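# Results of the structural survey
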Amino acid sequence: MEQPRATPLSDPAALLGDGRALLLGEVVDPEGWRWDVQLKGSGRTPFSRAGDGKAAVGPMLREYVMGEAMAALGIPTTRALAVVATGAPVLRETELPGAVLTRVAASHIRVGTFQFFAARGDQAQVRKLADYTIARHYPQVAGAESPYVALFDAVIGRQARLIAQWMGVGFIHGVMNTDNMSILGLTLDYGPFQFLDGFDPGHICNHSDSSGRYAFNRQPNVAYWNLFCLAQALLPLVGDEDTAVAALESYKSVFPREYLARMAAKLGITEPVADDLPLVQDLLDLLASGRVDYPVFWRRLSDHVAGGPADPVTGQLAPIHYTGLREWEPTLREMPSEVRQYLPGITPEGRRAHTLTDLLHHVHGVKGIERIRFATSHPRYFSERLIDACADLPKV
């Protein structure tokens, strides 16, 4: 795991964000759920610094659409109620039509909110904020022996789950600073986001991110850094540095577990174990080597397993089709004999004879077949490095 490094809030006088979000207040819906209502782009606020606090129609419409898309994918996110054109121009690289977005979420509290008070040495406000967060959002930890540690643990779990979901669908946030990390594990603030097309683990979607800090494969590491910042802010409440560090380090086991669960589900592995991680890594490495369209690959693979065309690889996937089986020879040799007996077309030299459909027909129900069924039929689907962040995480 990469060691934490400086960000703008390392300087107590510095601020993150563009200061154009304005919290109007809370509403309670008919079912009793409490929601924050916030405007984005309504003008300058005390935190706007040199910015004008305004927003353009295009980016606000994208945030509206993306909030709905992520919600439909089952990924926690803020939502938009409306985008309203202001009729006034917004000056960026060019003159653009202005707009205001109305955003709702169970909370807009961020890691940066805790940092804001901690950086100024205002421990009383940090405690007040933490108590409010527990009372409103994490009441289950209120009775814990160390409620602030339990709060931190809960946030780690939600954040690890969120990043794993992002990685699974190929989502790149683009600006993962602490001001854009929700304390509830919500996808917050759709700026220069992107979904991967041709698979490139190091893809950067933010043109201003010259160092690649927020590249796709670095998102798990950046989440760790953000959690480190939260640990710093909560340390006076936790009281013991070793306890805070131990809680933080749990991310290194929680994230890989969440990530494996997501990727295993995409491969049809019903009971994933740590030994399945190399399979995922090999798959991703091969996808990267061919710059295979990430969402299209999974869609076609799913269609094929569900009884679709015999060859799910068409168009841009064709160049890597049916190649690289030798890379899977060790896997095939180590397979249990009860599995290998159903693979008469796979020789020790790696010769392929059966289609994926044939293979699944023969071995349906054999324990462990999930780990080799795709490899033995279409080995070159497997591609991308198990994201740099997972590779960087210590073995557990």
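This structure is a prediction, so every number in the text was calculated from the model and none was measured. (Residues numbered from 1 in each chain as written. Predicted model: local features only at pLDDT ≥ 70, side-chain atom pairs only at ≥ 80, totals over all residues. Heavy atoms only, no water.)

## Things to note about the confidence of the model for the protein
- Per-residue pLDDT for the protein has a mean of 78; in total, 72% of the residues score no lower than 70.
- Considering each helix and strand of the protein separately, the mean pLDDT is smallest for helix H14 (residues 388-392), with a value of 32, and largest for helix H4 (residues 147-169), with 98.
- Counting interchain partners and residues more than four positions distant, the pLDDT-below-50 stretch residues 310-396 has 190 contacts. (pLDDT = per-residue confidence, 0-100. Helix = DSSP H or I, 4+ residues; strand = E, 2+ residues; numbered from the N terminus. Contact = heavy atoms within 4.5 Å.)

## Some details on the nonpolar core
- Counting 73 residues, the largest nonpolar core has Phe114 and Phe152 as the members making the most contacts within it.
- A total of 13 residues in this core trace back to one element, the largest contributor, which is H4.
- Beyond its immediate stretch of four places on either side in the chain, Phe114 contacts Ile109, Val126, Leu129, Ala130, Thr133, Ile183, Leu230, Ala233 and Leu234.
- By size, the runner-up hydrophobic cluster in this structure holds five residues, among which are Ala55, Met60, Ala80 and Leu101. (Core = buried A, V, L, I, M, F, W, Y, C linked by side-chain atoms within 4.5 Å. Buried < 20%, exposed > 50% of the residue type's maximum accessible area, 1.4 Å probe, protein only.)

## A closer look at the packing of helix H5 (residues 219-238) against helix H7 (residues 251-267)
- The N-to-C vectors of H5 and H7 enclose an angle of 145°; their axes lie 11 Å apart at closest approach. Seen along the crossing, H5 lies across H7 with a hand that is right-handed. For the pair formed by H5 and H7, the contact residues are Pro220, Ala223, Tyr224 and Leu227 on the first element and Tyr251, Lys252 and Phe255 on the second. (Axes fitted to C-alpha atoms, helices over the stretch in contact; angles between N-to-C directions. Left-handed = near helix turned anticlockwise from the far one by under 90°.)

## Considerations on the packing of helix H3 (residues 123-137) against H4
- Where H3 meets H4, the closest approach of the two axes is 11 Å, and the angle between their N-to-C directions is 65°. Here the hand of the crossing between H3 and H4 comes out left-handed. Within the contact between the two elements, H3 uses Arg127, Ala130, Asp131, Thr133, Ile134 and His137 and H4 uses Pro147, Tyr148, Leu151 and Arg158.
- Residues belonging to the contact of H3 with H4 are distributed by class as follows: five nonpolar, two polar and three charged. (Nonpolar A, V, L, I, M, F, W, Y, C, P; charged D, E, K, R; others polar.)

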